[in-house]
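# Coordinate analysis (summary)
Given next are the chains, with one letter for each unit.
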Amino acid sequence: MKGRTFRVGLMLSAALALSGAAAAAEHQSITIRTETYPRPPYSGATYYIYERDGAVICTKLEVCDKYDECDTEYHAGAFKAPEDVETGKPYGGSPAVEIPAAKLRKHQCLAKFVPEALKAQ
């Protein structure tokens, strides 16, 4: 009887592992990275780029002046303002980091354009 119980336990463990892998593949992690561009005369533009599986899902643009007064825009998919495209490469930024599942709901870009990513959490 012990052998049968062990096999059943082993099969259940394997089934749980496979279902967990399927769920992980279905709900891939979302990362965020930044790119920073200068804006004359004394302001700057920061792009917050949200990606899933290497594809951009939405972009948050924040333009702040020298007094730290900021305007924010949200765009579906990849976005760059014409003046930043003209500038060329960003002068700063950060590498992509994974957003913890518990913090996904705090990101307005995701709430506006990718609400299904928040339902799974």
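Residues numbered from 1 in each chain as written. Predicted model: local features only at pLDDT ≥ 70, side-chain atom pairs only at ≥ 80, totals over all residues. Heavy atoms only, no water.

## Looking at the overall build of the protein
Selection criterion: Secondary structure elements are defined from DSSP: runs of H or I of at least 4 residues count as helices, runs of E of at least 2 residues count as strands, and each element is numbered from the N terminus. For every residue, the accessible area (1.4 Å probe, protein chains only) is compared with the maximum for its type, and the residue is labelled buried under 20%, exposed over 50%, or partly exposed between those bounds. By definition in these notes, contact holds between two residues if any of their heavy atoms fall within 4.5 Å.
Scanning the protein from N- to C-terminus turns up four helices and five strands. Beginning at the N terminus, the succession of helices and strands in the protein can be written as α-β-β-β-β-α-β-α-α. Counting every position in the protein, which comprises 121 residues, the buried fraction comes to 27%. Long-range contacts, defined here as pairs at least 24 residues apart, represent 44% of the contacts in the protein between residues at least 6 apart.

## Section: the nonpolar core
Which entries qualify depends on this criterion: What is meant by a nonpolar core is a set of buried Ala, Val, Leu, Ile, Met, Phe, Trp, Tyr and Cys residues, joined one to another through side-chain atoms within 4.5 Å.
In terms of nonpolar packing, the biggest core is built from 10 residues, these being I30, I32, Y50, I57, C58, I99, L104, C109, L110 and V114. Residue assignment for this core shows that the elements contributing at least two residues are β1 (30-39), β3 (55-64) and α3 (108-113). Among all residues touching C109, those that are not within four sequence positions of it are Y50, C58, T59, K60, Y74, H75 and V114. Residues A45, Y47, I49 and L61 belong to the second largest nonpolar core, which totals six residues.

## So, the confidence of the model for the protein
Applied cut-off: The pLDDT value tells you how sure the predictor is about a given residue, anywhere from 0 up to 100.
Looking at the protein as a whole, the pLDDT averages 81, with 74% of positions reaching at least 70. Below pLDDT 50 for its whole length, residues 4-25 participates in zero contacts with residues either more than four positions away or in separate chains.

## A word on the side chain of T36
Examined against the element boundaries, T36 turns out to sit in strand β1. Contacts of T36, omitting those with residues within four sequence positions, involve A45, T46, P90, Y91, G92 and G93.

## With respect to the sheet that holds β1
Inclusion rule: Pairing between strands requires that DSSP locate at least two bridges from one strand to the other. Note on geometry: axes are lines fitted to C-alpha atoms, helical ones only across the stretch in contact, with angles between N-to-C directions running from 0 to 180 degrees.
Here we have five strands laid out as an open sheet, ordered β4-β3-β2-β1-β5, and antiparallel in their pairing. The outermost strands of the open sheet, each flanked by one partner alone, are β4 (70-76) and β5 (92-98). Averaged over neighbouring strand pairs, the angle between their axes works out to 15° when direction is ignored. In this sheet, β3 lies alongside strand β2 (residues 43-52) in antiparallel orientation, the contact comprising nine bridges. What sits directly across from I49, in β3, is T59.

## With respect to the pattern of salt bridges
Just so we agree on the cut-off: What counts as a salt bridge is simple: a side-chain nitrogen of Lys or Arg found within 4 Å of a carboxyl oxygen of Asp or Glu.
Counting across every chain of the model gives five salt bridges. Here E35 and R33 are joined by a salt bridge, their closest N and O atoms 2.8 Å apart. Among the residues examined, E35 registers a relative accessible area of 12% and is labelled buried. Here E83 and R39 are joined by a salt bridge, their closest N and O atoms 3.1 Å apart. Taken together, the residues E83 in helix α2 (residues 82-87) and R39 in strand β1 connect sequence positions 44 residues apart. Given a relative accessible area of 39%, E83 falls into the partly exposed group. Salt bridges sharing partners connect three or more residues here, namely R33, E35, E51 and K80.

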